[in-house]
Amino acid sequence: MRHLIELLDGEVEAAYEAADLSWRPRYTPVLRALMSQGPQTIKAIALKIGISHSAVSQTVTQMVKDELVELHPGKDARERIVTLTPKTEQMVPRLQRQWAAVNLAADTLDQELSAPLSGVVKEAIAALSEQSFGQRIQAAAKTQTAS
């Protein structure tokens, strides 16, 4: 699984570089959340895109360093509101063209597989939402101990 992700993510990142876009694939879900909902807290972004608060916080920190987003104080001292910078807003049309190319490439990959990767990934996420992989490992370990 890790190897597959490396193959896909590495090539997507290389495509951004070839298009002269200073962008990482991990930034895309954050940007899409901000594009659809406007400025948001890190917690709201995490809930929207379905990853941990910590992972979003790390991604946003890197995006701040790259001057792609800014953080502003929220209602209380702990809350931070993430907003897009003008630099990122100007990049959006080029990023959208890149995303379209990536989606088309993913469609061609799906056509070559025995089952569409996009469908299998959705099924795996749904199954893991019902029972985590950790729970499955524990159950398997109990089965082995009982044997």
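Residues numbered from 1 in each chain as written. Predicted model: local features only at pLDDT ≥ 70, side-chain atom pairs only at ≥ 80, totals over all residues. Heavy atoms only, no water.

Undergrad: Just checking my understanding: could you explain the packing of helix α3 (residues 42-49) against helix α4 (residues 53-65) for this structure?
TA: Each packed pair of helices is defined by two parameters, the angle between the axes and the distance between the axes. Two elements in contact, α3 and α4, have axes whose closest approach is 9 Å; the angle formed by their N-to-C orientations is 115°. Crossing angle aside, the handedness with which α3 passes α4 is right-handed. In this structure, α3 uses I42, K43, I45, A46 and I49 to contact α4, whose residues at the interface are H53, V56, S57 and V60. Tallied by class, the residues present in the contact of α3 with α4 amount to six nonpolar, two polar and one charged. (Axes fitted to C-alpha atoms, helices over the stretch in contact; angles between N-to-C directions. Helix = DSSP H or I, 4+ residues; strand = E, 2+ residues; numbered from the N terminus. Left-handed = near helix turned anticlockwise from the far one by under 90°. Contact = heavy atoms within 4.5 Å. Nonpolar A, V, L, I, M, F, W, Y, C, P; charged D, E, K, R; others polar.)

Undergrad: What should I look at first to understand the environment of A124 in this one?
TA: Here A124 is to be found in helix α6 (residues 117-130). Overall, A124 belongs to the partly exposed group, its relative accessible area being 34%. Remark: the alpha-carbon pair of A124 and L104, spanning 20 residues in sequence, is separated by 22 Å. (Buried < 20%, exposed > 50% of the residue type's maximum accessible area, 1.4 Å probe, protein only.)

Undergrad: Even after reading the chapter, I still don't get the packing of helix α2 (residues 28-37) against α3, so can you show me in this structure?
TA: Direction vectors running N to C along α2 and α3 enclose 105°, while the axes themselves pass 10 Å from each other. Our classification of the angle between α2 and α3 gives roughly perpendicular. Taken together, the residues of α3 that come into contact with α2 (itself represented by P29, V30, A33, L34, S36 and Q37) are I45, K48 and I49. Taken together, the residues of the contact of α2 with α3 sort by class into six nonpolar, two polar and one charged. (Parallel < 35°, antiparallel > 145°, perpendicular 65-115°, else oblique.)

Undergrad: Would you mind going over the sheet that holds strand β2 (residues 69-73) with me for this structure?
TA: Whenever strands of a sheet pair, they do so through backbone hydrogen bonds, lying parallel or antiparallel. One open sheet holds the three strands; their spatial order is β1-β3-β2, and the pairing between them is antiparallel. For this open sheet the edge positions go to β1 (40-41) and β2, each flanked by a neighbour on one side alone. Of the strand pairs in this sheet, β2 and strand β3 (residues 80-84) are connected by five bridges, and their pairing is antiparallel. Its bridge partner being in β3, H72 is matched across the sheet by I81. Docked against the sheet, α2 engages β1, β2 and β3, running at close to 90° with respect to β3. (Pairing = 2+ DSSP bridges.)

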